[in-house]
Amino acid sequence: MRKVIFTGIFLATGPASALAADPTGDWKVADGVANIRVAECNGSMWGAVAWEKTPGGHDTNNPDVSKKSRPTLGMPILIDMKKKAGVDQWEGQVYNAKDGQFYSSTIKPVGSDQLEIQGCVLGFLCGGETWTRVAGPIPSSPANGMAKGTPKSPAAPKTTGSVSPAAKTSGQKQATAAPSADPVGDICLLPDIARFAH
């Protein structure tokens, strides 16, 4: 029997200044290993990995051989999520990097600082988790993104500024709260999202 597992690539914690029904912003996944940036791109919600606890991951479980070496940082996780009529809920697909599979999924804001994500394989074997807001929401713009790919102040990801043990040994630096340190920026401009969303 196959179980849907989201642990390992989902999102966040933070201030409660956002509107309750706004899923945009940066979210920490339940197990804290990544933050996912959610933004509206051409009328749909998309989410991509904006921060990793252990930098330098690759999409090694992707069945598409050409994508096995792509970095997980900036990789789309929430795919083309469309708003359901009459409710604050979006439906689409979620990509699970642990098994390289796509699942039917829904996201739903719970208050201003939590996002519920649920996914199912063929309508059963459902699972989910709750993400915690770390930054956001992200204001929309005519180009479905922020100017020059850097989030405006309220949407900049908040981090502790600490360097993980892996980063210390490899010489890599963690992102800090400064917008200039944001390695992902406007996810609507990421190639894997832009080719579908614009």
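In short, a report on the structure. Just so it is clear, the structure is predicted and the values come from calculations on it, not from any experiment. (Residues numbered from 1 in each chain as written. Predicted model: local features only at pLDDT ≥ 70, side-chain atom pairs only at ≥ 80, totals over all residues. Heavy atoms only, no water.)

Attention shifts here to the overall build of the protein. In terms of regular secondary structure, the protein is built from two helices and eight strands. For the protein, the succession of helices and strands along the chain, N to C, is β-β-β-β-β-β-β-β-α-α. Partitioning the contacts of the protein with sequence separation of at least 6, the portion at a separation of at least 24 is 52%. Carbon and sulfur atoms make up 56% of the accessible area of the protein, which totals about 9600 Å². (Helix = DSSP H or I, 4+ residues; strand = E, 2+ residues; numbered from the N terminus. Contact = heavy atoms within 4.5 Å. Areas by Shrake-Rupley, 256 points an atom, 1.4 Å probe, with all protein chains shown as cover.)

Now for the state of the cysteines. Throughout the structure, instances matching the rule amount to one disulfide. Paired by a disulfide, Cys-41 and Cys-188 hold their sulfur atoms 2.0 Å apart. Around the S-S axis, the bridge from Cys-41 to Cys-188 shows a dihedral of about -85 degrees and counts as left-handed. In this pair, Cys-41 is assigned in strand β2 (residues 34-41) and Cys-188 in the loop between α1 (165-170) and α2 (191-197), connecting sequence segments 147 residues apart. (Disulfide = S-S within 2.5 Å.)

With that settled, consider the environment of Thr-106. Looking at where Thr-106 falls in the secondary structure, it is placed in strand β6 (residues 101-110). Taking the relative accessible area as the measure of exposure, Thr-106 reaches 17% and is therefore buried. Sequence separation of Thr-106 and Gly-128 is 22 residues, and the distance between their C-alpha atoms is 9.4 Å. (Buried < 20%, exposed > 50% of the residue type's maximum accessible area, 1.4 Å probe, protein only.)

One pass over the structure, following the stated rule, counts one aromatic pair. Ring centres of Tyr-95 and Phe-102 lie 5.0 Å apart, and the angle between their planes is 50 degrees; on these two criteria the pair is classed as tilted. Classification of Tyr-95 as buried rests on a relative accessible area of 1%. Assessed through its relative accessible area of 45%, Phe-102 is described here as partly exposed. (Phe/Tyr/Trp six-rings, centres within 6.5 Å; stacked < 30°, edge-to-face > 60°.)

With that settled, the discussion passes to the side chain of Arg-37. Mapped onto the elements of the fold, Arg-37 is located in strand β2. Since its relative accessible area comes to 1%, Arg-37 is described here as buried. In this structure the side chain of Arg-37 is engaged in a polar contact, spanning 2.7 Å, whose partner is the backbone oxygen of Gly-185. (Polar contact = N/O pair within 3.5 Å; in protein donor to acceptor, adjacent residues only side chain to side chain.)

This next bit is on the nonpolar core. Among the nonpolar cores identified, the biggest contains 21 residues, and Ile-36, Ile-77, Leu-78, Ile-107 and Trp-131 are the most heavily contacted of them. For this core, the secondary structure elements donating two or more residues are β2, β3 (44-52), β4 (76-83), β5 (90-96), β6 and β7 (114-121). Ile-79, Val-184, Cys-188 and Leu-190 belong to the second largest nonpolar core, which has 12 residues in total. (Core = buried A, V, L, I, M, F, W, Y, C linked by side-chain atoms within 4.5 Å.)

Opposite charge on two side chains allows them to pair when their charged atoms are near. Inspection of the entire model under this criterion finds nine salt bridges. Residue Lys-83 pairs with Asp-88 through a salt bridge whose shortest N-O separation is 3.6 Å. Of the residues examined, Asp-88 reaches a relative accessible area of 40% and is grouped as partly exposed. A single network of salt bridges, built from pairs that share partners, joins Asp-59, Arg-70, Asp-192 and Arg-195. (Salt bridge = Lys/Arg side-chain N within 4 Å of Asp/Glu carboxyl O.)

Right, let's get into the pairing of β7. Judged from the seven bridges that link them, β6 and β7 form a sheet pairing that is antiparallel. Bridging from a neighbouring strand, Ile-107 pairs with Ile-117 of β7. With antiparallel pairing between neighbouring strands as the criterion, β6 and β7 make up a hairpin whose turn holds three residues, including Gly-111 at a positive phi of roughly 70 degrees. (Pairing = 2+ DSSP bridges.)

For the rest of this paragraph, the subject is the environment of Ser-112. Examined against the element boundaries, Ser-112 turns out to sit in the loop between β6 and β7. Residues Ser-112 and Ala-21 lie 91 residues apart in sequence; the distance between their C-alpha atoms is 7.2 Å.

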